[in-house]
Amino acid sequence: GFFDRYLPLRFRNELRRRSFPDPVKPFTRTSGWREAGRLLFQQLGLQFLTRPEAAPFSVDAVYLSLDRHVARRLENSRQLRAVYAYDSGALESFRAARARQLKCIYEHPIVYWREARRYQQEEAELHPEWKPTLGAIQDSEEKLARKDSELALADVVIVPSTFSRNSLEQAPGFKAQVKVVPYGLPTVNQAPDENHAGKLRVLFVGALSQAKGLKYLLEAAAKLERKIELTLVGKRVSSIIPTQAVLGKHRWIHSLPYTELLREMSRHDVLVLPSLHEGFGLVLGEAMAQGLVVIATAHSAAPDLIDDGVDGFIIPIRSSDAIVEKLELLLREPARLREMKQAARRKAEIHSWETYRRALVRLAREVVF
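First things first, this report covers the structure right here in the doc. As a convention, each chain's residues are numbered from 1 in the sequence order in which they are written. Local features are withheld for residues below a pLDDT of 70 in this predicted model, meaning they are given only at 70 or higher, and side-chain atom pairs are given and counted only at 80 or more; totals for whole chains, interfaces and linings count all residues. The side-chain values count all of the structure's non-hydrogen atoms but skip hydrogen atoms and water molecules.

1. Quick look at the overall build of the chain
Then, number 1: Counting from the N terminus, the helices are the DSSP runs of H or I reaching at least four residues and the strands are the DSSP runs of E reaching at least two. The secondary structure content of the chain amounts to 16 helices and 10 strands.
Then, number 2: Based on C-alpha atoms, the radius of gyration is set beside the globule rule, defined as 2.2 Å times the residue count to the power 0.38. Over its C-alpha trace the chain gives a radius of gyration of 21 Å, about what one expects of a compact globule, namely 21 Å for 369 residues.
Then, number 3: Burial status across the chain gives 50% buried among its 369 residues.
Then, number 4: Should any heavy atoms of two residues lie within 4.5 Å, those residues are considered in contact. When contacts within the chain are restricted to residue pairs at least 6 apart in sequence, long-range pairs at least 24 apart make up 61% of them.
Then, number 5: Where accessible areas are quoted, they stem from the Shrake-Rupley method and a 1.4 Å probe; at the residue level, only the protein chains shown are allowed to cover. Counting only carbon and sulfur atoms, one obtains 53% of the accessible surface of the chain, whose full area is about 18,900 Å².
Then, number 6: Averaged over its 56 positive side-chain charges, the chain has a centre that lies 5 Å from the centre of its 45 negative ones. Per-residue accessibility, obtained with a 1.4 Å probe over protein chains only, is compared with the maximum for each type, and a residue is labelled buried under 20%, exposed over 50%, and partly exposed between these values. The charged-residue count follows a simple rule in which Lys and Arg add positive charge and Asp and Glu add negative charge, with His and chain termini not counted at all. To locate a charge, the coordinates of NZ of Lys, CZ of Arg, CG of Asp or CD of Glu are taken.

Following this line, the structure appears as structure tokens:
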């Protein structure tokens, strides 16, 4: 459309990441002006308008606005049986649904907030210089209470990983049924790997935050700097850390549209995601579908997706030594690297988005009927 043709590239990239496929457009109603404002003001650097919770175009304001919008629509809808809502944007919708005796299905794609806060508080004590990047410890008590209220109203909670499900054991008085429905993976890239000699091509995708364990990856890269090439794809969370000097040692890409991200992945050998906590970690499956060996912590969907040592590696959190060990193994054994990359593709073929859709349909039928 008009905006896609004439807006500057960085704006087009953000819009392309949020476009709807044609088949779902007839069934979609949008209320997007706050989200459009959030994206615009972020790009313009007007952070005071997007600051978490307080600002009128924060992500929190976007969620609350959509929640209220859906709740109002429910009051005038006559043929509904259930409401499917999302973490941090469900409370008013669920209250309206309960008033009409509708079922409440809650998608909880992250790690329960008490667990996430615990890991981040520990990290802030271990590495206080990275504290500005740890968002979970900055959430207000009001926001966290809202999350617990949403959980209390849910009939069924859908989570994408075993780790996410287990974290809900810390929720007080939580009684809803929990279903693990892993996210799907993109179409597998069957293109043969390029023959290359020399350095191992290593990729990180995600916000440049210590919640993603970035410090531990950078430490590993410093130990292996003559043996690997590290690419970082993700936005800065803090202007202070990681420093520009550290980022300058590696290839850093601020943001990519989805299709370009997959192409970028296909140019690498290994994805490293040393997260402290991850509800799923979509980049894990995306990388496997592109034929990358994944190195990720057990605090993600890695145990659900990976056979350790076969198509990837599962490592403990907070261990740069573990990252170094696995990368050095792949450097020493190029034949094993090739075998694991092919095994990653084979595993990705099993977890399609069609499988995910069918699982959601079955679950919704169970709840509604």
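2. Section: a nonpolar patch on the surface
Then, number 1: Residues Phe2, Phe3, Tyr6 and Leu15 make up a contiguous nonpolar surface patch of about 490 Å² in total accessible area.
Then, number 2: For the nonpolar patch, the element with the most residues is helix α1 (residues 2-6), which contributes three residues.
Then, number 3: By secondary structure assignment, the location of leucine 15 is in helix α2 (residues 9-16). For patch detection, residues must exceed 30% relative accessible area and be free of salt bridges, and they are connected within 9 Å for like charges or within 5 Å for nonpolar side chains (Val, Leu, Ile, Met, Phe, Trp, Tyr). Whenever Lys or Arg places a side-chain nitrogen within 4 Å of a carboxyl oxygen from Asp or Glu, that contact is recorded as a salt bridge.

3. Focus on the pattern of salt bridges
Then, number 1: For the coordinates displayed, the defined rule picks out 28 salt bridges.
Then, number 2: When the shortest N-O distance is used, the salt bridge between glutamate 123 and arginine 318 registers 2.5 Å. Here arginine 318 lies in the loop between β10 (312-315) and α14 (320-332) and glutamate 123 lies in helix α6 (residues 113-126), a separation of 195 residues in the sequence.
Then, number 3: Glutamate 354 is the salt-bridge partner of arginine 358, the closest N and O atoms lying 3.2 Å from each other. Separated by four residues within a single helix, arginine 358 and glutamate 354 lie in helix α16 (residues 353-368), roughly one turn from each other.
Then, number 4: One network of salt bridges, with partners in common, ties together Glu115, Arg118, Glu122, Glu123 and Arg318.

4. Thoughts on the sheet that holds strand β5 (residues 200-205)
Then, number 1: If you walk across this open sheet you meet the six strands as β7-β6-β5-β8-β9-β10, and the pairing is parallel. Strands with a single pairing partner mark the edges of an open sheet, and in this sheet they are β7 (251-253) and β10. Within this sheet the neighbouring strands show an average axis-to-axis angle of 20°, counted without direction.
Then, number 2: Summarising the sheet, β5 and strand β8 (residues 270-273) pair through two bridges and their orientation is parallel. Among the inter-strand pairings, valine 202 is bridged to a residue of β8, identified as valine 270.
Then, number 3: On the sheet, helix α11 (residues 258-266) packs against β5, β6 (228-233) and β7 and is oriented at approximately 150° with respect to β5.
Then, number 4: The strands touched by helix α12 (residues 282-289) are β5, β8 and β9 (293-297); relative to β8, the strand with the most contacts, the crossing angle is about 170°. One requirement defines pairing of two strands: DSSP has to find at least two bridges between them. Helix axes are fitted to C-alpha atoms over the stretch in contact, other axes to C-alpha atoms as well, and angles between N-to-C directions run from 0 to 180 degrees.

5. Digging into the sheet that holds strand β2 (residues 103-107)
Then, number 1: Taken together, the four strands give an open sheet; going across it, the order is β1-β2-β3-β4, and neighbouring strands pair in parallel fashion. Each end of this open sheet is capped by a strand with a single partner; those strands are β1 (82-86) and β4 (177-180). Each adjacent strand pair in this sheet contributes to an overall mean axis angle of 20°, direction not counted.
Then, number 2: Two elements, β2 and strand β3 (residues 156-159), share three bridges in a ladder whose sense is parallel.

6. Some details on α16
Then, number 1: In this model α16 runs 22 Å from its N-terminal to its C-terminal C-alpha over 16 residues, within 8% of the 22 Å that 1.5 Å per residue would give.
Then, number 2: Where α16 is concerned, the buried positions are Tyr356, Ala359, Leu360, Leu363 and Val367. Viewed along the axis of α16, the buried residues span an arc of 100°, placing them on a single side of the element. Among the exposed residues of α16, those oriented more than 90 degrees off its buried face are Arg358, Arg362 and Arg365.
Then, number 3: At its buried positions, α16 is contacted by β1, β2, β3 and β4. Multiplying 1.5 Å by the residue count of a helix minus one yields the expected span of that helix. The arc in question is formed by the directions pointing from the helix axis toward the C-beta atoms.

7. What to know about helix α15 (residues 334-350)
Then, number 1: Here α15 is 17 residues long and its end C-alpha atoms lie 25 Å apart, about the 24 Å a rise of 1.5 Å per residue gives.
Then, number 2: Within α15, burial applies to Leu337, Met340, Lys341, Ala343, Ala344, Arg345, Lys347 and Ala348.
Then, number 3: On its buried face, α15 is in contact with β5, α12, β9, α13 (302-305), β10 and α14.

8. A look at the environment of leucine 232
Then, number 1: Locating leucine 232 in the fold gives a position in strand β6.
Then, number 2: You can call leucine 232 buried: its relative accessible area is 0%.
Then, number 3: Taking C-alpha positions, leucine 232 is 9.3 Å from alanine 207, a pair spaced 25 residues apart along the chain.
Then, number 4: Every residue in contact with leucine 232, bar those within four places of it in the chain, is listed here: Phe204, Leu214, Leu218, Leu247, Arg251, Trp252 and Ile253.

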